[in-house]
Amino acid sequence: MTHSVRITVNGEAYEGDVEPRALLVQFLREQLGLTGTHVGCVVGECGACSVLVDGVLVKSCLMLAVQANGREVTTIEGLRRGGRPHPVQEAFVNGFALQCGFCTPGFVMAAHALLARNPNPTEEEIRRDLSSNLCMCTGYVQIVEAVKSVGSDPGTGRHRGQTPERGDSTP
Amino acid sequence: MTRSDSRYVGASVRSKEAPRHVTGRGRFVDDLVLPRMLHAFVLRSPYAHARIVSANAGRAAHATGVYGVITPDDVVRLTTPFKPGRYAAGLRVPVPEYATAVGKVRYVGEPVAMVAASSRPEAEDALELIDVEYEPLPAIVTTEAAAAPDATLIYDELGTNVAWQGHVSFGDVDAAFARADRVVSANLGIHRYSSTPLEPFACLVDPTPERLTLYCNCQNPEVVYEAITEALGIDGVRVAVPDVGGGFGQKIHLIRKYAVLTALMAVQTGRPVKWIEDRSEHMMAAGHSCDQEFDVEAAVRNDGEVLGLRIADTDDVGGSVSTLTIHFTNKLNNLFNTYRVQNLRLEGRSVLTNKCPVVPNRGIGKPGMCFIWERMMDAVAQELGLDPIAVRRRNLVTQDQFPYTTPNGNIIGSGDYQGLLDRALKNIGYEDIRAQQKTGNDRLIGIGVVIGLEPGGRNAARDMAIFPKSKQMPGAGGVEGATVKIEKNGSVVFTLGAPSCGQSHETTAAQIVADVLGIPPDRISASGGWDSSLSPWGVSCANSGNNFHLYDIGAVHGAAMRVREKVLTLAAHLLKVDRSALDLRDGIVGRVPSAAPNSSADGPATITFAELGKIAYANQALLPEGFEGGLEATYYHSHPHADPGMLPDETGRVRAQYTFGSAAHAALVEVDPGTGRVKVLRYVIVSDNGTMINPSVVDGQIYGSAAHGISVALGEGFVYGDDGQLLTLTLLDYGKSTTLETPRIEIEHHPVPDPYTTLGQKAAGEGAAIPSPAAIASAVENALSPFGARVRRLPLTPERVWNLMHVSR
Amino acid sequence: MFPADFDYVVPRSVDEAVAMLVHYGDDAKVLAGGQSLIPMMKLRIASPRVLIDVNGIAELAGLRRDGDRLVLGALCRHADVAASPLVREHLPLMHDAAQLTADVQVRNRGTVAGSLAHADPAGDWPAALLALDTHVTVAGPDGTRTVPLAAFLVDAYTTQLGANELITQVAVGIPPGRTGGAYAKFERRAGDFAVASAGVQVTLDEAGRCAAVAISCGAVAPSPFRARAAEAMLAGQALSEDLLAQAEHAVRDEASPFADTRGSVEYKRHLAGVLVRRACVAALARARGERVDTLHL
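Residues numbered from 1 in each chain as written. Chains lettered and ligands numbered in written order. Predicted model: local features only at pLDDT ≥ 70, side-chain atom pairs only at ≥ 80, totals over all residues. Heavy atoms only, no water.

> Explain the nonpolar core to me, using residue names and the numbers behind them.
If you look at the biggest cluster of nonpolar residues, it comprises 262 residues, and the most contacted ones within it are Phe92 of chain A together with Trp373 and Ile776 of chain B. Per element, the largest residue contribution to this core is eleven residues, and it comes from helix H12 (residues 265–287) of chain C. Excluding residues that lie within four positions of it along the chain, tryptophan 373 of chain B makes contacts with Val306, Leu309, Leu335, Phe336, Asn337, Tyr339, Val341 and Leu344 of chain B. Among the nonpolar cores identified, the runner-up in size contains 51 residues, and Ile52, Ala82, Leu116 and Ala119 of chain C belong to it. (Core = buried A, V, L, I, M, F, W, Y, C linked by side-chain atoms within 4.5 Å. Buried < 20%, exposed > 50% of the residue type's maximum accessible area, 1.4 Å probe, protein only. Helix = DSSP H or I, 4+ residues; strand = E, 2+ residues; numbered from the N terminus. Contact = heavy atoms within 4.5 Å.)

> Can you explain the side chain of threonine 137 of chain C? Please cite residues and give values.
All names here are of chain C. Examined against the element boundaries, threonine 137 turns out to sit in strand E6 (residues 134–140). With relative accessibility at 10%, the residue threonine 137 sits in the buried group. Side-chain polar atoms of threonine 137 contact the side chain of threonine 146, separated by 2.9 Å. Residues in contact with threonine 137, not counting those within four places in the same chain, are Thr144, Arg145, Thr146, Leu166, Ile167, Thr168 and Gln169. (Polar contact = N/O pair within 3.5 Å; in protein donor to acceptor, adjacent residues only side chain to side chain.)

> Residue-level account of the pattern of salt bridges, with values.
A complete count under the given rule lists 79 salt bridges over all chains for this structure. Note that arginine 744 of chain B is salt-bridged to glutamate 123 of chain A, the shortest N-O span being 3.0 Å. In this pair, arginine 744 of chain B sits in the loop between helix H19 (731–734) and strand E29 (745–749) while glutamate 123 of chain A sits in helix H4 (residues 123–129), so the two residues belong to two different chains. A salt bridge links arginine 286 of chain C to aspartate 96 of chain C; the shortest N-O distance between them is 2.7 Å. In this pair, arginine 286 of chain C is assigned in helix H12 and aspartate 96 of chain C in helix H5 (residues 92–100), connecting sequence segments 190 residues apart. What emerges from the salt-bridge pattern is a single network uniting Glu19 and Arg21 of chain A, Glu124, Asp125 and Glu128 of chain B together with Asp5 and Arg44 of chain C. (Salt bridge = Lys/Arg side-chain N within 4 Å of Asp/Glu carboxyl O.)

> Describe the interface of chain B and chain C, with residues and values.
The accessible area lost on association of the parts is a frequent measure of interface size. Across the boundary between the two partners, chain B contributes 26 residues, which contact 21 residues of chain C. Summed over both sides, the interface between chain B and chain C buries roughly 2100 Å², with carbon and sulfur atoms accounting for 52% of that surface. Our count for the contact surface shared by chain B and chain C stands at five salt bridges. Inspection of the region where chain B meets chain C yields 16 residue pairs in polar contact (both at pLDDT 80 or more). The set of elements that each furnish at least two residues to the side of chain B that touches chain C consists of helix H4 (120–127), H19 and helix H21 (798–808) of chain B. Classifying every residue of the side of chain B that touches chain C gives nine nonpolar, six polar and eleven charged. (Buried area = accessible area lost by both parts, 1.4 Å probe. Nonpolar A, V, L, I, M, F, W, Y, C, P; charged D, E, K, R; others polar.)

> So what about helix H7 (residues 221–232) of chain B? Which residues, and what values?
Residues and elements named next belong to chain B. Its twelve residues place the ends of H7 16 Å apart at the C-alpha level, agreeing with the 16 Å of an ideal helix rising 1.5 Å per residue. Taken residue by residue, H7 has Pro221, Glu222, Val223, Val224, Ala227, Ile228, Ala231 and Leu232 as its buried positions. Each element contacted by the buried residues of H7 is listed here: helix H3 (72–78), strand E10 (212–216), strand E11 (237–241), helix H8 (255–269) and strand E22 (530–531). Downstream of H7 by one or two residues, glycine 233 has phi in the positive range, about 65°. (Expected span 1.5 Å × (residues − 1).)

> Give me the sheet that holds strand E10 (residues 166–173) of chain C: which residues, what numbers.
Residues and elements named next belong to chain C. Across the sheet, which stays open at both edges, the five strands sit in the order E4-E5-E10-E6-E7 with antiparallel pairing between neighbours. Bordering the open sheet on either side are strand E4 (63–66) and strand E7 (143–148), each of which pairs with just one other strand. Across the sheet, the axes of successive neighbouring strands diverge by a mean angle of 25°, strand direction being ignored. Bridging between E4 and strand E5 (residues 69–73) involves four bridges; their strand directions are antiparallel. Bridge pairing links arginine 65 to leucine 70 in E5. (Pairing = 2+ DSSP bridges. Axes fitted to C-alpha atoms, helices over the stretch in contact; angles between N-to-C directions.)

> Could you give me a rundown of the packing of aromatic side chains, with the residues and numbers involved?
Summed over the entire model, instances satisfying the criterion amount to 14 aromatic pairs over all chains. With 4.6 Å between their ring centres and 45° between their planes, phenylalanine 718 of chain B and tyrosine 734 of chain B make a pair best called tilted. Here phenylalanine 718 of chain B, found in the loop between helix H18 (695–714) and H19, pairs with tyrosine 734 of chain B, found in helix H19; they are 16 residues apart in sequence, far enough to count as distant. On the accessibility criterion, phenylalanine 718 of chain B (9% relative accessible area) is buried. A relative accessible area of 0% means that tyrosine 734 of chain B is categorised as buried. Here tryptophan 802 of chain B and tyrosine 267 of chain C contribute two aromatic rings whose centre-to-centre distance is 5.2 Å and whose plane-to-plane angle is 50°, an arrangement assigned as tilted. Of the two residues, tryptophan 802 of chain B sits in helix H21 while tyrosine 267 of chain C sits in helix H12, which places them in two different chains. Here tryptophan 802 of chain B falls in the buried class, since its relative accessible area comes to 3%. In this structure tyrosine 267 of chain C comes out as buried when scored by relative accessible area, which is 2%. Grouped by ring-pair contacts, the aromatic residues Phe201, Tyr258 and Trp275 of chain B constitute a single cluster. Residue placement shows arginine 256 of chain B over the ring face of phenylalanine 82 of chain B; its charged tip is 4.0 Å from the ring centre. Sitting above the plane of the phenylalanine 258 of chain C ring, lysine 268 of chain C keeps its charged end 5.0 Å from the centroid. (Phe/Tyr/Trp six-rings, centres within 6.5 Å; stacked < 30°, edge-to-face > 60°. Lys NZ or Arg CZ within 6 Å of the ring centre and 35° of its normal.)

> Provide a residue-level description of the environment of glycine 690 of chain B, including the pertinent values.
Within the element layout of this structure, glycine 690 of chain B appears in the loop between strand E28 (678–688) and H18. Contacts of glycine 690 of chain B, omitting those with residues within four sequence positions, involve Pro751, Val752, Pro753, Gly760, Gln761 and Lys762 of chain B.

> Just give me the short version of the domain arrangement of chain B, but keep the residues and values in it.
With domains assigned, chain B is organised as domain 1 (3–25 + 478–637), domain 2 (32–137 + 212–246 + 251–274) and domain 3 (364–456 + 659–808). One C-alpha centre belongs to domain 2 of chain B, the other to domain 3 of chain B, and the line joining them spans 39 Å. (Domains from an automatic or database assignment.)

> Describe the sheet that holds strand E14 (residues 306–318) of chain B, naming the residues involved and giving the relevant values.
Residues and elements named next belong to chain B. Strands sit in the order E7-E15-E14-E13-E8 across an open sheet of five strands; the sheet is mixed. Lying at the two open borders of the sheet, with one neighbouring strand each, are strand E7 (162–170) and strand E8 (182–190). Each neighbouring strand pair of the sheet contributes to a mean axis angle of 10°, computed without reference to strand direction. Note that E8 and strand E13 (residues 291–300) share nine bridges and pair antiparallel.

> How would you explain helix H12 (residues 388–395) of chain B if you had to name every residue and give the values?
Residue and element names in this part refer to chain B. Those residues of H12 not exposed but buried are Pro388, Ile389, Val391, Arg392 and Asn395. Angularly, the buried residues of H12 cover 160° about the axis, an arc narrow enough to put them on a single face. In the core, the buried residues of H12 are packed alongside E14, helix H11 (366–384), helix H13 (417–428), helix H14 (430–439) and strand E18 (444–458). Measuring from the side-chain oxygen of the N-cap residue of H12 to the backbone nitrogen of isoleucine 389 gives 3.0 Å; that N-cap residue is aspartate 387. (Arc of directions from axis to C-beta.)

> Describe the domain arrangement of chain C, with residues and values.
The domain boundaries assigned to chain C delineate domain 1 (7–56), domain 2 (60–173) and domain 3 (179–287). Using C-alpha coordinates to define each centre, domain 1 of chain C is positioned 35 Å away from domain 3 of chain C.

> Outline the interface of chain B and chain A, listing residues and values.
Of the residues lining the interface, 55 residues belong to chain B; the matching set on chain A comes to 46 residues. Around 4100 Å² of area is buried between chain B and chain A when both sides are counted, 61% of it from carbon and sulfur atoms. For the chain B face of the interface with chain A, the top three residues by lost area are Val22, Leu198 and Thr739 of chain B, together amounting to 19%. Here chain B and chain A share seven salt bridges between them. One salt bridge in this structure joins arginine 14 of chain B and glutamate 90 of chain A, with 3.7 Å as the shortest N-O distance.

> So what's going on with the confidence of the model for chain C? Which residues, and what values?
Detailed reading of the predicted coordinates is not advisable wherever pLDDT is low. Overall, the predicted model of chain C reaches an average pLDDT of 97, with 100% of residues at or above 70. Scored by ipTM, the complex comes to 0.97, with pTM at 0.96. (pLDDT = per-residue confidence, 0-100.)

> How would you sum up the pairing of strand E4 (residues 56–59) of chain A? Please name residues and give values.
All names here are of chain A. Two elements, strand E3 (residues 50–53) and E4, share four bridges in a ladder whose sense is antiparallel. Paired with valine 53 across the bridge in E4 is valine 56. Linking two consecutive strands that pair antiparallel, namely E3 and E4, is a turn of two residues; a positive phi of about 50° is found at aspartate 54 within it.

> Requested: an account of the packing of H11 of chain B against helix H20 (residues 772–783) of chain B, with residues and values cited.
Residue and element names in this part refer to chain B. It is at 8 Å that the axes of H11 and H20 come closest, and there the two elements cross at 25°. Classified by the interaxial angle, the pair formed by H11 and H20 is roughly parallel. In the packing of H11 onto H20, the handedness of the crossing is right-handed. Counting all contacts with H11, which are made through Cys370, Phe371, Glu374, Arg375, Asp378 and Gln382, the residues of H20 involved are Pro773, Ala774, Ala777, Ser778 and Glu781. Among the residues forming the contact of H11 with H20, the class breakdown is five nonpolar, two polar and four charged. (Parallel < 35°, antiparallel > 145°, perpendicular 65-115°, else oblique. Left-handed = near helix turned anticlockwise from the far one by under 90°.)

Here it is as structure tokens:
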């Protein structure tokens, strides 16, 4: 039996029916065509499918789509603001913080969530937080450096990618 | 372009691939959707070893949403077995191998059947309805058990589980041992691991009336291209490779089984079929490195000179003959590491067991060879009471020996091994650490310094070194193409002959083209993913073998040079000046400022690529006589110095690879005496990758491969139960390192250009995965010196390190 | 990897959830954080016919102080515990456990109560909370009942929770002054379940001797247990290095681990002792008012 849901994804409301066993990641990839959220494992151990649900970082392979009913989801595609890449995205590009790109959306989302909580993390804090996500290509060095480089804005204490309002999606 | 006028080569030019990936707009196989597409799942063996009594698709075929089921009987009826390729060079008896198990299953996870349905969940539901009856056989999980005289045979055809035995020998090994002051011996071992790309295997087959198109995340498309062509007996085959989520060797070989199964399903159902492997399937059945055991003897003089080495290598190759000797033959690439030793005998045994087949992985064979040399250097130092660095220095190839030909035929163009060691020792503060160790304290801190090679540019005949009498060479040397085109609008597009798996090939190749054509990289793009119908590919078309730097760079450079010639010819004609008076800069062809005007001085001074494009493609009236229209060229590159040694001689001498980067690795570790946990405090690399095209890209390759080697040394790996069940089905159980276990790796570049490559470049890919296991082993052994412990085997899990302390105590 | 098909129902209150549990019986599973349940369903180790998603029951959310107790609602996430200043000040052992459980994303979803109900022998919360004064309240068709955690945990993956019941809250006593606690965990790599873990809660008397001590061990027996012999050695004593060494040995004997890919019996016994000792040292320092960061081993 399917359930009707209303889920706001990257600022756009989506109404439709989902099977209970559909995972959030399948819903995003297959029903909405948001293929930036990747599946790298079975049991929530790689972090490639990380998205924000009501501003909280979760693994979309460990959540049912129906559980997102009434919630706001932000995926990698929704991180751009005003048509411009998010500062974390820019930092990953400039810092060569990716190779094959498969883990990248998950890392960018995780880094974004970390910086929203802690705008100026130490290397130790970055490494502790991002241990949730696996990368097989980079050895993590350039990822950690890229996150460090985002830094904070001394005026507001916010990192340059953080918006005052909750969530970070822009249509 | 000459080496001195590079504007973009040598700079960390902004990545061309990264912008799409950071915004989620990469295109991987699973992102592709076709109309009426079916979804396939593979049924796999739950047994390590069993006879297939029957396989019945009946119930599954009638399940909701199901459109097709393929059983072993279908596979035998409808396909031709795979031909043994170069990876099975040691196979002397024909053994048919199909896309599924036939008659028997030989490892847990071996594919047995495939089902396709209109949705993924329906396909997975239907898997449970395929009825397979098995008759279990004894599972063999060690090489000892496999080689026992009464062992159950894994392949009846072979009459033994020791599927290959052979050796290579260079110099006079017996004489070396006869004149040695002493012989140092050790039993060494490296465990089973893999490279676990984050994106598992993926195939999507589109059957159209003209051809079968396979979208596949393979590294070496030749493998799946030939597999489908031969298995299905058709030549209307097109392989397309979009973005690939990491390869590292995993996506070369066994993926062909799934390519064939998915293609067969598409043919049978007449609809596009997508198959996406999941993580546990990948861990079980996508291929592992082999468990390797080495009995090593070194003939040494009391001053530390190594006269010769004798190695008996036992490789546990798992439950397939198709890659029987691949780990053995890859040792030929760095058989002597960085040492000038002249005498070596390597005996090999490839033993079948009921484990996952073995496949290429980051560095394959070479990490084992480096481990042997570097462990033995430490063992020799201990036995002789010498400093381990001094023993290495005593045996290194010296500056005056380059270009240096190794006893097995590799020609090393350039290097500075002493210089690498000097810098590594300085950067890690070797002398200070040694001094502190002597003052004594309670902490278990150790340092290890090793050196290794990064061979690059595969010779396709390499594997036949163990079978030089073979009439069938799988190819020889290397050939690879590239196409460069100035579009009608003046922008530049290139097509490479091999796919990329994330090594920034678009960025790097664009830098080459930018310098040759004098146009900024942001006006250059790759034409898209790899496509067998469009990409100019040769035997070197492989995202493996460290081929890119040699063949693809050579090809794209050559193609760009040809286009440059055309541009100069056309521009000289239009500007009415001599070609030699022209220069290319920022997409504009103009007179070199210093060049004296030699003809009409009143014509236009410059012409843009866009203007040239409009003429070259659209205005024949303005073309010089005999000028081929368009501004496009394809060039196939071969290593100009590939011969001599392209084909193996009777002694097995062959040029296994063509370039040889090198690096010294220094590890500083601390062991927790309570838990046995090894923490890497510092990790320093000094690396010679020759001329670097994009230093940040090179750094990334070094960081990544070093991190993998360190993770392998410290615990990442597969574990099987006595019944042949794989106990490490998840990345967590497998022990893949996260940001926390991975050290902050420090790199210094010490480039020595290669004399034989286009720009002096050497490989920069898997290199740091080769010495890093040895570096960690050396450092941990040093840390455990209060216990007199000897590190002989990997991985150094906390428990094994704790045992080394505990047992020695 | 897709779960077998199931029905999904969303109760709005505890009573409604209990009514659903009564209605569906053994066919139903309660979905809270889902960070263990969903993977099990994807692997088809668990295939419930009905999932009762309690995430919408507002009364189960969050954590609060209630007199001398810290009360965690059944939907209190690991991250809520990790971020709580109340926990950090009064129950640093719980702060440690929250930091060391799984990873950021799982901590944002997974619940403490769910982890107790799952009763993985290598899970962090059963072991950590066993060293504290912890009670579990469950609701069922006959109303609610509250049981001490030690009684709630029966065996590996087995609790007292009936098929008709769900946890509504977990209450932890806020300790008196001069008390310190610590949770130490050894994992193969970040985010893994424990190879061995230990929780130690120590209260000192005015002379600095051990007035009360509780020691729990995780992952080294079918179910976490209190190391009573070691506790008896330390109670009432000044905690010298010698005494801690003796306690370490005692813990080794009290552990009864099984061998698996995480380690051999001998190694796990050894680790249990090492972890108890290290947690003791950290707990003592905290009891004395010193600042000690979570141990990352």
